[in-house]
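Here is what each chain is made of, one letter per residue.
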Amino acid sequence: MTEMLFTPRRIGPVSVKNRTVFLAHETGFAEDGLPTERDAAYYEARARGGVGLIVGPSSMLVHPSSSNPMYATGYDPDVVPRLRMIAEACHRHGTKVFAQLQHTGGEDTGEAAMRETWAPSAVPTEYGYEMPKRMEQEDIEEVKLGFAKTAEHCKEGDLDGVELKAGHDGILRQFVSPKYNHRTDKYGGSIDNRVRLVNEVVEAIRDRVGEEFPVGIRFSLDEMEDGGYDYDYAVEVIRRLHPSLDFIDSDIATISKLYITDAPMHAPLGYTAEYYGAARELVDIPVIAAGRINDLTKANDILEEGRADFIGMCRQLICDADTVRKVRQGEDEEVTHCIACNQNCLGGIHTNGHVGCIQTPRSGRETKIPHVEDVDETRSPREVLVVGGGPAGLSFAVTAADLGQNVTLREREDDLGGQSNIATQVDSRREFGDAVRNLRNQLDNRDVTVELGAEVTPADVSPRAWDDVVVAIGASERQPDLAGPDVHRSWDVLQGEPVGDSVVVFDNNKHAAGVSVAEFLATSGHDVTFVTTSYHPGDQMEGTNVPPFLETLYEHGVDIVTHNTIIGFEDQELQLLNVYSEELTTLPTDSLVVAERREARTGLAGALEAQGFDEGSVHRIGDCVAPRLIDKAIYDGEMLARELSA
């Protein structure tokens, strides 16, 4: 049941049509410090998808001392027409838009502006690391004025309200924090003094925008750092916040602990509930819940139980912009649920330069890839055979069916999923299988013929029967360079191949495979040593995924040996070579498990092309083109389906 979720609720004087909130985050779309048409299209997609309130663009920087090319310069008057563009795009769907006002303080670098960073005290963070400048009184006055001017620009830009960021990063939280604020003047020492800047910023904003323009705060309810404040301290801060604030948006940890703030799939759904639930009991203004909420039925439970007034979602609405609309229309099985892999949302910012989602190629590419509902079905349906039921094949089949193609999918195994079925043998990676479950649910709602346990050979595929054949048969894990009865591939071990009590895992994969099989063995009672040539295990994974893996490995007594490769294995003794010092050492073990790179399965496509198919009618997608991450497989599938239907 989701009845309460779809009831209106006021935030200050503004009525929001339902209780869903698209939380603020980086997009990477800003150019020259200003939001762009990509921002407008991105936010409009979520407004069209039914969300009640959008907090974006994020973040609106309030002063030149806080410089970041990913953010908009909210203090620049030129931002106003760009904000109007975003507001108009979202308002046409009945969605309200707030902006998040931000000064990153000492939790950033001065690289973009080539200047010093500002902070309450000269205390470096684990994230920004540079030693910031202790702000003088005139600096504080400039920042207060910057917040006020930026809020005024937001109001002039037809936005509906603003949110002050005192969350996992931001100078306002740093002033509140006893770890980062060592001042002895009126802005430091007591809690009253540490909260002073926040309240003075609220007053400065109110002087500019009045009382009828909502102003709220995103606040970290526990810094979760050594020397930082805890929830009890946060309670005292909340009790001292300015009475004219209209809402509190919950947050936890700091950017130095981003694997807690934006927890990957190691953390359970709704893992922050105790924090926003407790905060709700302290105030009479709306509280926004946040923290791995991707199921709107459970979200409605949060509201019914009085633990929050609004449901904040970030990664779920990056993943599926239409989540709210689908659930409201009773199409729950159509929802693509976020799996918290963090590969293309957080990771995309640092690799692609913009936000995205591994499951949804359109996310972050709204100006380039139209919504499938806006694409006309093909006028000449083709008979298409898809060989392989992994992510690439499933992605193609779902999109091709949406666009009117006649699709048959054959999978040699007795279940769909491909390589993801191997990854999900590890407890902490089981949720990765939801990426396939999402596609499988959608496939069930479409007129696609699915044949399981159907091995396909060239002799089974006649050019007369099919207009197109899409080969999506994936990749295999390479055989290790070292051979022997006690040398095993990681995939084989995850699928049940027995190993000895004492095991060395050698990570030649560098992504999730090595740490996953090490966790699998360690939690199964084996004595595990992890060997890698890298500086740390899983060094090619998105960063927030690494600390939880390391915590689990250390918890189970795994020895981690870095900077080493393995050059021999005889008589239950490994020979290790340090790749920097060239020192040779030995390590006794019963078994060696190698997490290797993968190699494409190319034979079937080549054989089909040689037996009479028209040129261009045999297509390869996903890992059988080249082994890559799952986002490329899903992208390949969807884009080929669109191409064949154009």
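Quick caveat, the model's predicted, so the values are computed rather than measured.

Thresholds, definitions, all that
Residues numbered from 1 in each chain as written. Predicted model: local features only at pLDDT ≥ 70, side-chain atom pairs only at ≥ 80, totals over all residues. Heavy atoms only, no water. Buried < 20%, exposed > 50% of the residue type's maximum accessible area, 1.4 Å probe, protein only. Helix = DSSP H or I, 4+ residues; strand = E, 2+ residues; numbered from the N terminus. Pairing = 2+ DSSP bridges. Right-handed = clockwise from strand over helix to strand, strands pointing away. Axes fitted to C-alpha atoms, helices over the stretch in contact; angles between N-to-C directions. Parallel < 35°, antiparallel > 145°, perpendicular 65-115°, else oblique. Left-handed = near helix turned anticlockwise from the far one by under 90°. Contact = heavy atoms within 4.5 Å. Nonpolar A, V, L, I, M, F, W, Y, C, P; charged D, E, K, R; others polar. Salt bridge = Lys/Arg side-chain N within 4 Å of Asp/Glu carboxyl O. Core = buried A, V, L, I, M, F, W, Y, C linked by side-chain atoms within 4.5 Å. Patch = residues over 30% accessible without salt bridge, like charges linked within 9 Å, V, L, I, M, F, W, Y side chains within 5 Å. Areas by Shrake-Rupley, 256 points an atom, 1.4 Å probe, with all protein chains shown as cover. Lys, Arg positive; Asp, Glu negative; His and termini not counted. Charge placed at Lys NZ, Arg CZ, Asp CG, Glu CD. Phe/Tyr/Trp six-rings, centres within 6.5 Å; stacked < 30°, edge-to-face > 60°.

### Let's talk about the pairing of strand S21 (residues 502-507)
Turning to step 1, where the next piece is worked out: Buried residues dominate S21, accounting for five of its six residues.
Turning to step 2, where the next piece is worked out: Here S21 runs beside strand S22 (residues 527-532); their pairing, made up of six bridges, is parallel. Following the sheet pairing, aspartate 507 is matched in S22 by threonine 532.
Turning to step 3, where the next piece is worked out: In the classification by handedness, the crossover that spans S21, the intervening helix H17 (residues 512-522) and the parallel S22 is right-handed.
Turning to step 4, where the next piece is worked out: Judged from the five bridges that link them, S21 and strand S27 (residues 591-595) form a sheet pairing that is parallel. Counterpart to valine 503 in the pairing with S27 is serine 591.

### Let's talk about the sheet that holds strand S24 (residues 564-570)
Turning to step 1, where the next piece is worked out: Spatial strand order, S24-S25-S26: three strands in an open sheet with antiparallel pairing. Single-partner strands in this sheet number two, and they are S24 and strand S26 (584-588). Strand-to-strand twist across the sheet, computed as the mean angle between neighbouring axes with direction ignored, equals 30°.
Turning to step 2, where the next piece is worked out: Looking at chain direction, strand S25 (residues 573-578) and S26 are connected through five bridges and run antiparallel. The residue bridging leucine 577 from the neighbouring strand is leucine 584, located in S26.

### Quick word on the packing of helix H3 (residues 137-156) against helix H5 (residues 191-209)
Any two packed helices are characterised by how steeply their axes cross, that is the angle between the axes, and by the distance between the axes.
Turning to step 1, where the next piece is worked out: Where H3 meets H5, the closest approach of the two axes is 8 Å, and the angle between their N-to-C directions is 40°. Regarding the angle of H3 to H5, the classification is oblique. When the axes of H3 and H5 are compared, the crossing they make is right-handed. Across the interface between the two elements, Ile140, Lys144, Leu145, Phe147, Ala148, Lys149, Ala151, Glu152 and Lys155 of H3 pack against Leu197, Glu200, Val201, Ala204, Ile205, Arg208 and Val209 of H5.
Turning to step 2, where the next piece is worked out: Residues belonging to the contact of H3 with H5 are distributed by class as follows: ten nonpolar, no polar and six charged.

### Describing the sheet that holds S27
Turning to step 1, where the next piece is worked out: Read across the sheet, five strands follow the order S20-S27-S21-S22-S23 without closing on themselves; strand pairing throughout is parallel. Each edge of the sheet is formed by a strand with only one pairing partner; in this case those strands are strand S20 (487-489) and strand S23 (559-561). Going across the sheet, the axis of each strand differs from the next one's by a mean of 25°, ignoring polarity.

### Regarding the packing of helix H1 (residues 37-48) against helix H2 (residues 79-91)
Turning to step 1, where the next piece is worked out: Interaxial distance between H1 and H2 falls to 8 Å at its minimum, and their mutual angle equals 20°. With respect to their mutual orientation, H1 and H2 come out roughly parallel. The way H1 lies across H2 gives a crossing that is right-handed. Counted together, Glu37, Asp39, Ala40, Tyr43, Glu44 and Ala47 of H1 and Met85, Ile86, Ala89 and Cys90 of H2 form the full contact between these two elements.
Turning to step 2, where the next piece is worked out: Residue classes in the contact of H1 with H2 are distributed as seven nonpolar, no polar and three charged.

### Some details on unusual backbone geometry
Turning to step 1, where the next piece is worked out: Cis geometry marks the peptide bond from glycine 56 to proline 57, where omega comes out at 5°.
Turning to step 2, where the next piece is worked out: Relative to the helices and strands, proline 57 resides in the loop between strand S4 (53-55) and strand S5 (60-61).
Turning to step 3, where the next piece is worked out: Of note, asparagine 342 is a non-glycine position whose phi angle comes to about 65°, a positive value.
Turning to step 4, where the next piece is worked out: As for its placement among the helices and strands, asparagine 342 is situated in the loop between helix H11 (323-328) and helix H12 (346-351).
Turning to step 5, where the next piece is worked out: According to the relative accessible area criterion, asparagine 342 is buried, its value standing at 0%.

### Details of the pattern of salt bridges
Turning to step 1, where the next piece is worked out: Across all of its chains, the model carries 43 salt bridges by this definition.
Turning to step 2, where the next piece is worked out: As a salt-bridge pair, arginine 92 and glutamate 44 come within 2.8 Å of each other at their nearest N and O atoms. Of this pair, arginine 92 sits in the loop between H2 and strand S7 (96-102) while glutamate 44 sits in helix H1, and the two are 48 residues apart along the sequence.
Turning to step 3, where the next piece is worked out: The partly exposed category is assigned to glutamate 44, whose relative accessible area is 21%.
Turning to step 4, where the next piece is worked out: Several salt bridges converge on common partners, so that one network encompasses Arg48, Asp322, Arg325, Glu373 and Asp374.

### Some remarks on the nonpolar core
Turning to step 1, where the next piece is worked out: Of all hydrophobic cores here, the largest spans 110 residues; its most connected members are Leu101 and Leu164.
Turning to step 2, where the next piece is worked out: Per element, the largest residue contribution to this core is eight residues, and it comes from H5.
Turning to step 3, where the next piece is worked out: Not counting chain neighbours up to four residues away, the residues in contact with leucine 101 comprise Met60, Val62, Phe147, Thr150, Ala151, Cys154, Val162, Glu163, Leu164, Lys165 and Ile205.

### With respect to a negative patch on the surface
Turning to step 1, where the next piece is worked out: On the surface, a cluster of negative charge is made up of Glu331, Asp332, Glu333 and Asp444.
Turning to step 2, where the next piece is worked out: Looking at where aspartate 444 falls in the secondary structure, it is placed in helix H15 (residues 434-444).

### Concerning the side chain of asparagine 545
Turning to step 1, where the next piece is worked out: Structurally, the position occupied by asparagine 545 is in the loop between S22 and helix H18 (546-555).
Turning to step 2, where the next piece is worked out: With a relative accessible area of 2%, asparagine 545 lands in the buried category.
Turning to step 3, where the next piece is worked out: Those residues in contact with asparagine 545 that sit more than four places away from it in its chain are Pro264, His266, Cys341, Asn342 and Arg429.

### Here we look at the pairing of S27
Turning to step 1, where the next piece is worked out: Burial analysis of S27 places five of its five residues in the buried class, which makes it a mostly covered element.
Turning to step 2, where the next piece is worked out: Covered by surrounding structure in S27 are Ser591, Val593 and Ala595 together with Leu592 and Val594, the residues of both alternating faces.
Turning to step 3, where the next piece is worked out: As paired strands, S20 and S27 are joined by three bridges and run parallel to one another. Its bridge partner lying in S27, histidine 488 is registered against valine 593.

### Observations regarding the packing of aromatic side chains
Turning to step 1, where the next piece is worked out: In this structure the tally under the stated criterion is ten aromatic pairs.
Turning to step 2, where the next piece is worked out: Geometrically, the ring pair formed by phenylalanine 175 and tyrosine 187 is edge-to-face, given 6.2 Å between the ring centres and 80° between the ring planes. In this pair, phenylalanine 175 is assigned in helix H4 (residues 171-176) and tyrosine 187 in the loop between H4 and H5, connecting sequence segments twelve residues apart. Tyrosine 187 matches phenylalanine 175 in its accessibility class, with the two residues each being buried.
Turning to step 3, where the next piece is worked out: Both rings, one in tyrosine 229 and one in tyrosine 233, keep their centres 5.3 Å apart while their planes meet at 20°; by these two values the pair is stacked. Like tyrosine 233, tyrosine 229 is buried.

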